[in-house]
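# Working through the structure, step by step
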Amino acid sequence: MKAGSIVNMGVGLYCKAIAQVNVFADYIPPLFLRLVLAIEFGESGLEKFHGTNWFQEVAFPFPFNLLPPDISWHIATYFEILGAIALVLGFATRFFSISLVVLTIVAIVSVHWPAQLTSVSDLIAGYRIVDEEGDGMGNYKLPLLYIVMFFPLIFKGAGKVSVDYLLAAYAKASLKTSAKKCMSA
């Protein structure tokens, strides 16, 4: 067997394997992303729902500082809980993903951002999961990862295991039926 034919055979096997994996690309990855994000945001929302309002101690950035802390607390709580439920179902996924990204950006700026930002090294120091040292350098790594995880859901949608997909399929079928009726009239 020649080296060229071995390489061709290897490339062929690789292409077949990738084709098999691609069959599941619109099913499994968006579902897992939605479930992981739903767990994280649902847990955070339930902690707020059952906890005490600590937003009174937070300095929110403009324009979010225009709302009283109690209203901000309730908005965050219910968007996290309803958003988690919607993500599990794959319902209004883009809307809730964008909403939760905005909520996360506000959380980063208000709570997770370095207290004193005078240099790039201060910013880099805040790229961590937990501020164990209590040095005020922030801990925005995890919220930033959540934002990045939302990007596929925002730009590509909820995937085929979702209410969004079923609604889109229904709407497409309804449009075809309507078009046929118009043509036959």
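Before reading further, recall that the structure is shown in the block above.
Residues numbered from 1 in each chain as written. Predicted model: local features only at pLDDT ≥ 70, side-chain atom pairs only at ≥ 80, totals over all residues. Heavy atoms only, no water.

## Details of helix α6 (residues 141-156)
Put simply, the rule reads: Runs of E in the DSSP output that reach at least two residues are strands. Runs of H or I that reach at least four are helices, and both are numbered from the N terminus. Helices are assigned an expected span. That span is 1.5 Å times one less than the residue count. Think of it this way: the bend at a residue is just the angle between two axes, each fitted to seven residues, one set ending at that residue and the other starting at it. Residue burial is assigned from relative accessible area. The probe radius is 1.4 Å, only protein chains are included, and a residue is buried under 20% of its type maximum, exposed over 50%, and partly exposed in between.
Helix length check: α6 (16 residues) gives 24 Å between terminal C-alpha atoms against 22 Å at 1.5 Å per residue, within 8%. Roughly 25° is the biggest bend found in α6, and it falls at Phe150, with proline Pro152 one to four residues downstream. When we look at burial in α6, the residues that qualify are Pro143, Tyr146, Ile147, Phe150, Leu153 and Ile154.

## Focus on the layout of surface pockets
Note the threshold: The rule is simple: put a 1 Å grid over the protein atoms alone, call a set of points where a 1.4 Å probe fits but cannot get out a cavity, call an open set with protein on both sides within 12 Å along at least five of seven lines a pocket, and count a residue as lining if it has an atom within 4 Å of a point. Grid points are joined across faces, edges and corners, and a volume is the space filled by probe spheres set on the points. Polar here means any residue other than Ala, Val, Leu, Ile, Met, Phe, Trp, Tyr, Cys and Pro, which are nonpolar, and Asp, Glu, Lys and Arg, which are charged; Gly is therefore polar.
Looking at the largest pocket, its volume works out to about 850 Å³. Along the wall of the largest pocket there are 30 residues; nearest its centre are Ser44, Lys48, Glu80, Leu103 and Ala107. Counting residues per element, the lining of the largest pocket draws most heavily on helix α4 (residues 93-112), at nine residues. There is about 300 Å³ of room inside the second largest pocket. Taken together, 18 residues form the lining of the second largest pocket, with Pro30, Lys156, Gly157, Ala158 and Gly159 sitting closest to its centre. Listed by contribution, the elements that provide at least two residues to the lining of the second largest pocket are α2 (28-50), α4, α6 and α7 (163-184). Here the lining of the second largest pocket is built from residues that sort into nine nonpolar, four polar and five charged.

## Here's the deal with the packing of aromatic side chains
Definition in use: What counts as a ring pair is set by centres within 6.5 Å for rings of Phe, Tyr and Trp (its six-membered ring), and what kind of pair is set by the plane angle: stacked under 30 degrees, edge-to-face over 60, tilted for all other angles.
According to the stated counting rule, one finds 13 aromatic pairs in the structure shown. A ring pair is formed by Trp54 and Phe55, whose centres lie 4.9 Å apart and whose planes are at 75°; its orientation type is edge-to-face. Phe55 gets classed as buried once you look at its relative accessible area, which sits at 6%. Ring geometry for Phe55 and Trp73: centres 4.9 Å apart, planes at 85°, overall edge-to-face. Taken as a pair, Phe55 in the loop between α2 and α3 (69-89) and Trp73 in helix α3 lie far apart in primary sequence, 18 residues in all. Of the residues examined, Trp73 reaches a relative accessible area of 6% and is grouped as buried.

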